[in-house]
Amino acid sequence: MLAVSRTDAVSLLELQREDRRNALDLELCRAIHTAAVEEVEAGARVLVVTGSGSSFCSGADLNGVYGNEFLDALYGMLHGLAALPVPLVAAINGPAIGAGTQLALACDLRVGDASAKFGVPTARNGMAVDAWTMRTLAAVAGGGIARRLMIAAELIDRDTAVHCGLVDRPGTLDDALAWAQEIASLAPLTLAHNKLVLNGGADDDIARTFAACWASADVREAAAARTEKRAPVFSGS
(Lines give C-alpha, C1' and ligand atoms only; values in the text may rest on other atoms or scores of the structure.)
Protein backbone atom coordinates (compact mmCIF):
# COMPACT_ATOMS: atom_id res chain seq x y z
CA MET A 1 0.00 0.00 0.00
CA LEU A 2 2.88 2.38 0.81
CA ALA A 3 6.56 1.69 0.18
CA VAL A 4 9.12 3.72 2.11
CA SER A 5 12.83 3.87 1.30
CA ARG A 6 15.69 6.23 2.11
CA THR A 7 18.87 7.28 0.31
CA ASP A 8 21.14 9.44 2.43
CA ALA A 9 18.84 12.14 3.88
CA VAL A 10 16.06 11.76 1.30
CA SER A 11 13.09 9.48 1.96
CA LEU A 12 10.79 8.26 -0.80
CA LEU A 13 7.14 7.54 -0.04
CA GLU A 14 5.53 5.62 -2.92
CA LEU A 15 1.80 5.02 -3.00
CA GLN A 16 1.26 1.42 -4.11
CA ARG A 17 -2.39 0.81 -4.98
CA GLU A 18 -1.98 0.43 -8.72
CA ASP A 19 -5.22 -1.51 -9.03
CA ARG A 20 -7.04 1.58 -7.68
CA ARG A 21 -4.72 4.09 -9.44
CA ASN A 22 -3.31 4.95 -5.99
CA ALA A 23 -6.64 6.27 -4.72
CA LEU A 24 -6.64 7.31 -1.08
CA ASP A 25 -8.60 5.34 1.44
CA LEU A 26 -8.62 5.52 5.22
CA GLU A 27 -5.70 3.13 5.64
CA LEU A 28 -3.48 4.80 3.05
CA CYS A 29 -4.10 8.30 4.45
CA ARG A 30 -3.04 7.12 7.87
CA ALA A 31 -0.04 5.23 6.47
CA ILE A 32 1.25 8.30 4.60
CA HIS A 33 0.93 10.52 7.67
CA THR A 34 2.59 8.00 9.98
CA ALA A 35 5.44 7.23 7.58
CA ALA A 36 6.17 10.90 6.92
CA VAL A 37 6.42 11.70 10.62
CA GLU A 38 8.57 8.63 11.30
CA GLU A 39 10.98 9.43 8.46
CA VAL A 40 11.48 13.00 9.70
CA GLU A 41 12.04 11.74 13.24
CA ALA A 42 14.59 9.26 11.83
CA GLY A 43 16.58 12.08 10.25
CA ALA A 44 15.20 12.56 6.75
CA ARG A 45 15.74 16.12 5.53
CA VAL A 46 13.55 15.91 2.42
CA LEU A 47 10.60 13.68 1.57
CA VAL A 48 9.61 12.74 -1.98
CA VAL A 49 6.05 11.55 -2.59
CA THR A 50 5.07 9.66 -5.75
CA GLY A 51 2.71 7.00 -7.04
CA SER A 52 3.49 3.59 -8.49
CA GLY A 53 2.40 2.73 -11.99
CA SER A 54 0.85 5.33 -14.28
CA SER A 55 -1.01 7.47 -11.73
CA PHE A 56 0.20 9.78 -8.98
CA CYS A 57 -3.11 9.60 -7.13
CA SER A 58 -6.57 9.39 -8.67
CA GLY A 59 -8.28 10.94 -5.64
CA ALA A 60 -10.34 9.51 -2.84
CA ASP A 61 -11.29 5.87 -3.31
CA LEU A 62 -14.92 5.95 -4.41
CA ASN A 63 -15.31 2.41 -3.06
CA GLY A 64 -14.00 3.52 0.31
CA VAL A 65 -15.76 4.66 3.42
CA TYR A 66 -16.82 8.30 3.51
CA GLY A 67 -17.77 10.30 6.56
CA ASN A 68 -15.97 12.00 9.41
CA GLU A 69 -13.44 9.22 9.98
CA PHE A 70 -12.16 9.36 6.40
CA LEU A 71 -12.23 13.17 6.29
CA ASP A 72 -10.30 13.36 9.57
CA ALA A 73 -7.67 10.97 8.19
CA LEU A 74 -7.44 12.77 4.84
CA TYR A 75 -7.12 16.28 6.23
CA GLY A 76 -5.01 15.14 9.16
CA MET A 77 -2.59 13.72 6.59
CA LEU A 78 -2.65 16.74 4.24
CA HIS A 79 -2.30 19.35 6.95
CA GLY A 80 0.24 17.19 8.76
CA LEU A 81 2.47 17.03 5.68
CA ALA A 82 2.23 20.79 5.22
CA ALA A 83 3.24 21.30 8.86
CA LEU A 84 6.33 19.09 8.77
CA PRO A 85 9.57 21.05 9.29
CA VAL A 86 11.23 19.55 6.20
CA PRO A 87 10.56 20.15 2.50
CA LEU A 88 8.39 17.72 0.54
CA VAL A 89 8.72 17.19 -3.20
CA ALA A 90 5.86 15.63 -5.16
CA ALA A 91 6.98 13.57 -8.16
CA ILE A 92 3.78 13.58 -10.19
CA ASN A 93 3.66 10.67 -12.60
CA GLY A 94 0.29 10.87 -14.29
CA PRO A 95 -3.11 12.06 -13.04
CA ALA A 96 -3.34 13.86 -9.69
CA ILE A 97 -7.09 14.25 -9.39
CA GLY A 98 -9.17 15.48 -6.44
CA ALA A 99 -7.34 14.33 -3.34
CA GLY A 100 -4.36 13.70 -5.62
CA THR A 101 -4.15 17.42 -6.41
CA GLN A 102 -4.56 18.06 -2.68
CA LEU A 103 -1.67 15.70 -1.93
CA ALA A 104 0.48 17.54 -4.47
CA LEU A 105 -0.45 20.86 -2.85
CA ALA A 106 0.53 19.55 0.59
CA CYS A 107 4.05 19.22 -0.80
CA ASP A 108 6.30 22.26 -1.07
CA LEU A 109 7.58 21.61 -4.59
CA ARG A 110 6.19 19.66 -7.52
CA VAL A 111 7.96 17.88 -10.40
CA GLY A 112 5.67 16.62 -13.15
CA ASP A 113 6.29 14.22 -15.99
CA ALA A 114 4.65 14.59 -19.41
CA SER A 115 1.56 12.62 -18.33
CA ALA A 116 0.83 14.72 -15.23
CA LYS A 117 -2.58 16.36 -15.03
CA PHE A 118 -4.56 18.04 -12.29
CA GLY A 119 -8.19 18.56 -11.39
CA VAL A 120 -10.50 18.96 -8.40
CA PRO A 121 -13.87 17.82 -9.80
CA THR A 122 -15.95 18.30 -6.67
CA ALA A 123 -18.56 20.25 -8.65
CA ARG A 124 -19.12 17.08 -10.70
CA ASN A 125 -19.72 14.82 -7.70
CA GLY A 126 -21.35 17.09 -5.14
CA MET A 127 -18.45 16.85 -2.72
CA ALA A 128 -16.31 19.65 -1.28
CA VAL A 129 -12.75 20.39 -0.27
CA ASP A 130 -11.67 22.58 2.60
CA ALA A 131 -10.69 26.24 2.38
CA TRP A 132 -7.01 25.37 2.84
CA THR A 133 -7.05 23.47 -0.45
CA MET A 134 -8.55 26.32 -2.47
CA ARG A 135 -6.44 29.03 -0.84
CA THR A 136 -3.25 27.02 -1.32
CA LEU A 137 -4.18 26.32 -4.94
CA ALA A 138 -4.77 30.02 -5.56
CA ALA A 139 -1.52 30.99 -3.82
CA VAL A 140 0.52 28.44 -5.80
CA ALA A 141 -1.12 28.53 -9.23
CA GLY A 142 -2.97 31.85 -9.23
CA GLY A 143 -6.61 32.79 -8.86
CA GLY A 144 -7.44 32.14 -12.49
CA ILE A 145 -6.30 28.52 -12.46
CA ALA A 146 -7.93 27.99 -9.06
CA ARG A 147 -11.25 29.20 -10.46
CA ARG A 148 -10.90 27.03 -13.56
CA LEU A 149 -10.37 23.95 -11.40
CA MET A 150 -12.88 24.77 -8.67
CA ILE A 151 -15.66 26.60 -10.55
CA ALA A 152 -15.43 25.10 -14.06
CA ALA A 153 -14.16 21.67 -12.87
CA GLU A 154 -11.49 21.72 -15.59
CA LEU A 155 -8.48 19.46 -15.93
CA ILE A 156 -5.12 21.03 -16.71
CA ASP A 157 -2.15 19.30 -18.29
CA ARG A 158 1.51 19.36 -17.29
CA ASP A 159 2.52 22.23 -19.59
CA THR A 160 -0.28 24.44 -18.30
CA ALA A 161 0.69 23.51 -14.75
CA VAL A 162 4.32 24.48 -15.41
CA HIS A 163 3.23 27.79 -16.94
CA CYS A 164 1.08 28.76 -13.94
CA GLY A 165 3.49 27.48 -11.26
CA LEU A 166 1.53 24.47 -10.07
CA VAL A 167 4.43 22.34 -11.35
CA ASP A 168 7.82 23.81 -10.47
CA ARG A 169 9.89 21.66 -12.82
CA PRO A 170 9.11 19.23 -15.62
CA GLY A 171 10.75 15.89 -15.02
CA THR A 172 10.62 12.32 -13.81
CA LEU A 173 10.92 10.68 -10.41
CA ASP A 174 14.69 10.53 -10.91
CA ASP A 175 14.72 14.29 -11.49
CA ALA A 176 12.67 14.82 -8.34
CA LEU A 177 15.02 12.64 -6.30
CA ALA A 178 18.07 14.47 -7.64
CA TRP A 179 16.51 17.82 -6.73
CA ALA A 180 15.65 16.49 -3.29
CA GLN A 181 19.28 15.49 -2.73
CA GLU A 182 20.35 19.03 -3.60
CA ILE A 183 17.83 20.49 -1.18
CA ALA A 184 18.89 18.06 1.54
CA SER A 185 22.35 19.68 1.55
CA LEU A 186 20.89 23.07 2.52
CA ALA A 187 20.55 24.39 6.07
CA PRO A 188 17.68 22.48 7.74
CA LEU A 189 16.77 25.18 10.27
CA THR A 190 16.59 27.79 7.54
CA LEU A 191 14.41 25.54 5.38
CA ALA A 192 12.08 24.91 8.32
CA HIS A 193 11.84 28.66 8.98
CA ASN A 194 11.22 29.48 5.32
CA LYS A 195 8.53 26.80 5.00
CA LEU A 196 6.82 28.04 8.14
CA VAL A 197 6.68 31.61 6.85
CA LEU A 198 5.53 30.63 3.36
CA ASN A 199 2.78 28.45 4.82
CA GLY A 200 1.44 31.25 7.02
CA GLY A 201 2.75 30.14 10.39
CA ALA A 202 1.95 31.97 13.61
CA ASP A 203 4.06 35.04 14.40
CA ASP A 204 5.37 33.57 17.66
CA ASP A 205 6.53 30.42 15.90
CA ILE A 206 8.16 32.45 13.13
CA ALA A 207 10.02 34.57 15.68
CA ARG A 208 11.27 31.39 17.34
CA THR A 209 12.55 29.79 14.11
CA PHE A 210 14.11 33.09 13.01
CA ALA A 211 16.05 33.33 16.27
CA ALA A 212 17.04 29.66 16.06
CA CYS A 213 18.64 30.20 12.65
CA TRP A 214 20.77 33.12 13.81
CA ALA A 215 21.81 31.28 16.99
CA SER A 216 22.62 28.01 15.23
CA ALA A 217 25.89 26.20 14.71
CA ASP A 218 24.94 26.08 11.04
CA VAL A 219 25.24 29.84 10.58
CA ARG A 220 28.74 29.63 12.05
CA GLU A 221 29.54 26.64 9.83
CA ALA A 222 28.54 28.63 6.74
CA ALA A 223 30.85 31.47 7.80
CA ALA A 224 33.73 29.05 8.39
CA ALA A 225 33.10 27.38 5.02
CA ARG A 226 33.30 30.73 3.25
CA THR A 227 36.62 31.47 4.92
CA GLU A 228 37.96 28.01 4.13
CA LYS A 229 36.61 28.08 0.56
CA ARG A 230 34.63 24.84 0.88
CA ALA A 231 31.03 23.74 0.84
CA PRO A 232 29.30 23.98 4.23
CA VAL A 233 28.15 20.81 5.96
CA PHE A 234 24.98 21.62 7.89
CA SER A 235 23.94 19.67 10.97
CA GLY A 236 20.57 21.25 11.64
CA SER A 237 21.70 22.52 15.03
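The preceding data block contains the structure.
Residues numbered from 1 in each chain as written. Predicted model: local features only at pLDDT ≥ 70, side-chain atom pairs only at ≥ 80, totals over all residues. Heavy atoms only, no water.

Caption draft 1: Quick look at the packing of helix H1 (residues 26–41) against helix H2 (residues 68–83). Viewed as axis vectors pointing N to C, H1 and H2 meet at an angle of 25°, and their least axial separation amounts to 9 Å. What the angle tells us is that H1 and H2 run roughly parallel. The crossing of H1 and H2 is left-handed. Across the interface between the two elements, Leu26, Cys29, Arg30, Ile32, His33 and Ala36 from H1 touch Glu69, Phe70, Ala73, Leu74, Gly76, Met77, Gly80 and Leu81 from H2. When the residues that make up the contact of H1 with H2 are grouped by side-chain class, the tally is nine nonpolar, three polar and two charged. (Axes fitted to C-alpha atoms, helices over the stretch in contact; angles between N-to-C directions. Helix = DSSP H or I, 4+ residues; strand = E, 2+ residues; numbered from the N terminus. Parallel < 35°, antiparallel > 145°, perpendicular 65-115°, else oblique. Left-handed = near helix turned anticlockwise from the far one by under 90°. Contact = heavy atoms within 4.5 Å. Nonpolar A, V, L, I, M, F, W, Y, C, P; charged D, E, K, R; others polar.)

Caption draft 2: Quick peek at unusual backbone geometry. For Ala153, which is not glycine, the phi torsion reads 55° and is therefore positive. Along the chain, Ala153 falls in the loop between helix H6 (143–150) and strand S8 (155–157). Of the residues examined, Ala153 reaches a relative accessible area of 9% and is grouped as buried. Despite not being glycine, Lys229 has its phi angle at roughly 55°, a positive value. Within the element layout of this structure, Lys229 appears in the segment after helix H11 (217–228). Since its relative accessible area comes to 75%, Lys229 is described here as exposed. (Buried < 20%, exposed > 50% of the residue type's maximum accessible area, 1.4 Å probe, protein only.)

Caption draft 3: How the structure looks around the sheet that holds strand S4 (residues 88–92). In space, the six strands of this open sheet follow the order S1-S2-S3-S4-S6-S9, with mixed pairing throughout. In the strand order of this sheet, the two ends are held by strand S1 (2–7) and strand S9 (169–170), each with one partner. The pairing of strand S2 (residues 10–15) with strand S3 (residues 46–51) spans six bridges and is classified as parallel. What sits directly across from Val10, in S3, is Val46. (Pairing = 2+ DSSP bridges.)

Caption draft 4: Geometry of the side chain of Thr50. Position of Thr50 among the secondary structure elements: in strand S3. Here the side chain of Thr50 touches Ala91 through a polar contact of 2.8 Å, landing on its backbone oxygen. Excluding anything up to four places from it in sequence, Thr50 contacts Leu12, Leu13, Glu14, Leu15, Phe56, Ala91, Asn93 and Leu173. (Polar contact = N/O pair within 3.5 Å; in protein donor to acceptor, adjacent residues only side chain to side chain.)

Caption draft 5: Focus on the packing of aromatic side chains. If you walk through the whole model with that rule in mind, you get one aromatic pair. We note Arg169 situated over the ring of Trp179; from NZ or CZ to the ring centre the distance is 3.8 Å. (Phe/Tyr/Trp six-rings, centres within 6.5 Å; stacked < 30°, edge-to-face > 60°. Lys NZ or Arg CZ within 6 Å of the ring centre and 35° of its normal.)

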